[in-house]
Amino acid sequence: MMSRHEPAMAAADEAGSGPAASIPPDGLIILPVRDTVLLPGTVFPISIGRERSIAAAQQAVREELQIGVLMQRDATIAEPTGLDLHRMGTIANILRYVNSPDGQHHLVVQGEQRFRVVEFLRERPYIVARVERIEEPDTSTPDIEARFRHLKQQALEALQLLPQAPRELIGTVQAIAAPGALADLVAAYIEISADAKQELLETVDLAARLDKVAKLLAGRLEVLRLTHEIGEQTRAAFDQRQREAVLREQMAAIQRQLGEGDGRSAEVQELSEKLVNAGMPADVEEQARRELRRYEKMPEGATEAGMVRTYLDWLLDLPWTIKDEKPIDIAEARKILDADHFGLDKIKQRIVEYLAVRKLAPHGKAPILCFAGPPGVGKTSLGQSIARAMARTFVRVSLGGVHDEAEIRGHRRTYVGALPGTIIQGIRKAGARDCVMMLDEIDKMGQGIQGDPSAAMLEVLDPEQNGTFRDNYLGVPFDLSRVVFIATANMLDTIRGPLRDRMEIISLAGYTENEKLQIARRYLVKRQLEANGLRPDQTEIEDDALRHIIHDYTREAGVRSLEREIGRALRSAAVRIAEGSTEHVSIRSDDLTRILGPARFESEVAMRTSVPGVATGLAWTPVGGDILFIEAARSPGRGTLILTGQLGDVMRESAQAAMTLVKSRASSFGIAPDMLERNDIHIHVPAGATPKDGPSAGVAMFTALVSLLTGRTVRSDTAMTGEISLRGLVLPVGGIKEKVIAAARAGLTRVMLPARNKRDYDDIPEDARKRLEFVWLESVDDAVNAALEDAPALAND
């Protein structure tokens, strides 16, 4: 052994032996190591640098002694003591001890046998411990033999799956006959933590050790199988692509030899002809030709070739030129509007004015129209009528829920699957650059982390800018100035100010009952007859039945629910005709309960206002006007005002203002001064699940409070709206048209409105004006005098 360590011996002689006491027969020089476990039967390199470790290695080499390799419990300890080391390690022979030029000391050791520390004898100049040598169990049972064979099979399979496994290692595994040696060898080479290897080292029982190693190797084996499978799939896919590329090249060579030319050349020639006939602007054509030259040079199997071809298809499919326009016939436009829509006279007149301007100045910068109103009043169909009147293609772009700027401007071509934005897609779908484009639900655009689509719409809807609209995908300007943009919205509050400023708002209110009857008779019944496969001579709905459906089964500003209910009624007739039980069905009002069920809506105004403290108010909602009830009650208390009904802050402030105004004028209304001090006042607005807000319920709240405290009921045929001030003035509010239509729809005959809202009178439909009596309010005294019935007596308790 000394002949293999002459350089190390020289280093040991130079360092001197030091005060090394004799080591007992069962003693062993201990070499502490970090995060390293040496298993019996394995050869392992160890680098040492600590003073005691170097002294231990040199002493062992000098005296030709074995060493005990013990792993530290905590690798961060620089100078470990016996308490910092595991109690079980491996006795090893030092095969080689080398000093490197950089001052490092390196050992090559071979594990021989397990040992257990009995006690540590000393720690200077190196650690010495009395140890117990642990012999390898020599158990030969069928159970051990089965475990041994299973582990060997696992090890050989793992070595086959490893890409660079040395052949010598495979031969070593095949030659091992001892189960314990195989377990230690596999544990030494498997990728597990040092703590797991220490646990295997401390497992002396052979069966338990074989089971642990087999379990760990099974997990690693599954990973190796998957890795091998993935690698094979990747290699197969690559080989397939390479094969396809070679075959394409061979096919192209054969075609050239036959004089047929390849498919790419014919494809490029076709694209070139389309490009010549596309009528693109010069800068756009130059961009297209540049991309076409790139496409011609690309191999057919290249991924980018498909992206370039898609881009060229988009450029060539867009309508760059404008066909000869037909002059707009104003008289024909009036006929189309009247045929498609009933009523809406002011809306139709504004559309006719718009068309007249377009006729006289076809290249002028016409305003962008925005139809605003509740659902089902005909906003989208008005856009279709405009397209018919102008003899242009109609295309609808839905903006509801759009929250990404790229959906308007398109995605850049660097992204996989990129496409132009919805505007360019709509132009391509229409096939004309002068189409009528309906921007539906523009008020429902959102805003996300990808940008604000409303900001992108600013350029689209600005006549000064949209002549050079640049889509991110196209990367070239496209002229949108000849597109007739028409937007629709339910609520204007959600549209950003700059975007709203670019549009002319045309408001569409709800329909009256007479207008709904005419719409149903002219359009809805006919449409539902066709939808249900019926002929007019087979089924009819009487006008009285239509009125009952409008009044008792629907409560809306538009006519969508009305059309659905008409469809339900006609389907019941279709069943009878299809069964052959009858050839003609006439639906009367008496049949509606059987067909549609009990009436869903009833007039509850009289019932609600039959007691003091209840007033009927008018409200505006995004789906049209509606009526609401203000209920007030008093109970013994300390003058507290209680508000319920899910009221917003503004509505709560209106109730407090109404209460203060009542207190300040209590004497003029004959209310006892101490009544308000001895009673709590509770104001409630029913439909508590629906949020409510706004100042327009001030008059109704004030009237309900005066009614409660004076004992005088509010007239059941009267509804009111208006904001109040602490001086008793009635201030103007918005949504008068929708509110008045809601009052007429609810069967009321009298409305009380702020006097300063007389300017909105002309906007109210003629039918509603004829059915309602209007009372104009300057102050709250006018409201009390007009709304309250005479009281038999005052209740001042």
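Each chain has its residues counted from 1, following the order in which its sequence is written. Only residues with pLDDT of at least 70 get local features here, since the model is predicted, and only at 80 or more are side-chain atom pairs given and counted; chain-wide, interface and lining totals rely on the full set of residues. Side-chain metrics in this entry use all non-hydrogen atoms of the structure; hydrogen atoms and water are not considered.

Undergrad: Even after reading the chapter, I still don't get the side chain of glutamine 528, so can you show me in this structure?
TA: Counting from the N terminus, the helices are DSSP H or I runs at least four residues long and the strands are E runs at least two residues long. Here glutamine 528 lies in helix H18 (residues 513-531). Non-local contacts of glutamine 528, meaning those with residues more than four positions away in its chain, are made with Glu563, Ile566, Gly567 and Leu570. Should any heavy atoms of two residues lie within 4.5 Å, those residues are counted as being in contact.

Undergrad: Honestly, the sheet that holds strand S13 (residues 503-507) in this entry has me stumped. Any pointers?
TA: Sheet strands line up and pair through hydrogen bonds in the backbone, either parallel or antiparallel. Following DSSP output, two strands are said to pair if at least two bridges run between them. Read across the sheet, 5 strands follow the order S8-S9-S12-S7-S13 without closing on themselves; strand pairing throughout is parallel. The two strands at the open ends of the sheet, each matched to only one other strand, are strand S8 (394-398) and S13. Along the sheet, successive strands turn relative to each other by an average axial angle of 25°, direction set aside. Here 5 bridges tie S8 to strand S9 (residues 436-440), and the two strands are oriented parallel to one another. Note on S9: the bridge partner recorded for serine 398 is aspartate 440. Note on definitions: angles span 0 to 180 degrees between N-to-C directions of axes, and those axes are lines fitted to C-alpha atoms, for helices only across the stretch in contact.

Undergrad: Just to check I follow, could you spell out the side chain of threonine 721 for this structure?
TA: The residue threonine 721 is located in the loop between strand S20 (718-720) and strand S21 (723-724) in this model. Two N or O atoms form a polar contact when they lie within 3.5 Å of each other; inside protein one atom must be a possible hydrogen donor and the other a possible acceptor, and for residues adjacent in sequence the pair counts only when both atoms belong to side chains. Within polar-contact distance, the side chain of threonine 721 engages the backbone oxygen of serine 696 at 3.3 Å.

Undergrad: Explanation requested: the state of the cysteines in the structure shown.
TA: Among covalent bonds in proteins, the disulfide is the one between the sulfur atoms of two cysteines. Counting rule for disulfides: a pair of cysteine sulfur atoms within 2.5 Å. Going through the model one piece at a time under the given rule, you end up with 0 disulfides. Left without a disulfide partner, cysteine 370 is nearest to the cysteine sulfur of cysteine 435, which lies 18 Å away. Exposed residues in this analysis have more than 50% of their type's maximum accessible area, buried residues have under 20%, and partly exposed residues fall in between, with area computed by a 1.4 Å probe over protein chains only. On the basis of relative accessibility, which here comes to 0%, the residue cysteine 435 falls in the buried class.

Undergrad: Help me understand the pairing of strand S17 (residues 624-636), please; the structure alone is not making it clear to me.
TA: When a strand is regular, its side chains alternate between the sheet's two faces. Relative to S17, strand S16 (residues 614-621) is paired through 8 bridges, and the arrangement is antiparallel. Bridging across to S17, alanine 619 finds its partner in aspartate 626. Pairing of S17 with strand S19 (residues 679-684) involves 6 bridges; the strand directions are antiparallel. For serine 635, the partnering residue across the bridge sits in S19 and is aspartate 680.

Undergrad: Just checking my understanding: could you explain helix H20 (residues 560-579) for this structure?
TA: For an α-helix, 3.6 residues make a turn, and residues three or four places apart therefore share a direction. Expected span of a helix: the number of residues minus one, times 1.5 Å. For H20, with 20 residues, the first-to-last C-alpha span of 29 Å sits near the 28 Å given by 1.5 Å per residue. Along H20, the residues that are buried comprise Leu562, Glu563, Glu565, Ile566, Gly567, Ala569, Leu570, Ala573, Ala574 and Ile577. The positive-phi residue at the C-terminal boundary of H20 is glycine 580, with phi of around 85°.

Undergrad: Before we go on, may I ask you to explain the pairing of strand S24 (residues 773-777) in this structure?
TA: Here strand S23 (residues 750-754) runs beside S24; their pairing, made up of 5 bridges, is parallel. Bridge assignment links leucine 753 to a residue of S24, and that residue is tryptophan 776. Handedness is read with the strands pointing away from the viewer; a crossover is right-handed when the path from the first strand over the helix to the second is clockwise. In this view, the connection linking S23 to its parallel neighbour S24 by way of helix H26 (residues 766-771) has right-handed handedness.

Undergrad: What is the right way to read the confidence of the model for the protein chain from this model?
TA: Each residue carries a pLDDT score, the predictor's own confidence in it, on a scale running from 0 to 100. Averaged over all residues, the pLDDT of the protein chain is 83; the fraction at 70 or higher stands at 93%. S23 holds the highest mean pLDDT among the elements of the protein chain, 94, whereas helix H1 (residues 6-15) holds the lowest, 41.

Undergrad: Sorry, what's going on with the environment of arginine 122 here?
TA: Within the element layout of this structure, arginine 122 appears in strand S5 (residues 105-122). At 3.3 Å, the side chain of arginine 122 and the backbone oxygen of arginine 124 are in polar contact.

Undergrad: Any chance you could explain unusual backbone geometry here in plain terms?
TA: Only a minority of non-glycine residues have a phi that is not negative, and only a minority of peptide bonds are not trans. Going from arginine 124 to proline 125, the amide bond is cis rather than trans, its omega being -5°. Along the polypeptide, proline 125 turns up in the loop between S5 and strand S6 (127-134). Positive phi is not limited to glycine here, since glutamine 646 has a value of about 55°. By relative accessible area, glutamine 646 is classed as partly exposed at 41%.

Undergrad: Could you clarify how one ought to interpret the pattern of salt bridges in this entry?
TA: Here the idea is simple: oppositely charged side chains can pair when their charged atoms come close. Here, a salt bridge means any side-chain nitrogen of Lys or Arg that lies within 4 Å of a carboxyl oxygen of Asp or Glu. All chains considered together, the criterion is met by 45 salt bridges. For aspartate 211, the salt bridge identified is with arginine 147, shortest N-O distance 2.7 Å. Pair noted here: aspartate 211 is in helix H7 (residues 206-258) and arginine 147 is in helix H3 (residues 142-161), with a separation of 64 residues, a long-range link. Exposure remark for aspartate 211: the relative accessible area of 36% places this residue in the partly exposed category. Between lysine 212 and glutamate 199 there is a salt bridge, with its nearest N and O atoms 3.3 Å apart. Within this pair, whereas lysine 212 is found in helix H7, its partner glutamate 199 is found in helix H6 (residues 194-201), the two being separated by 13 residues in sequence. Three or more residues are tied together by salt bridges with common partners; here these are Arg114, Glu136, Asp184 and Arg209.

Undergrad: What is the right way to look at H3 in this model?
TA: For H3, spanning 20 residues, the distance from its first C-alpha to its last is 29 Å, which sits close to the expected 28 Å at 1.5 Å a residue. Listing the buried residues of H3 in full gives Ile144, Phe148, Leu151, Lys152, Gln154, Ala155, Ala158 and Leu159. The arc that holds the buried residues of H3, viewed along the axis, is 165°, so those residues lie on one side. Exposed and facing more than 90 degrees away from the buried side of H3 are Pro142, Arg149, Gln153 and Gln160. Read the arc as the range of directions from the helix axis to the C-beta atoms.

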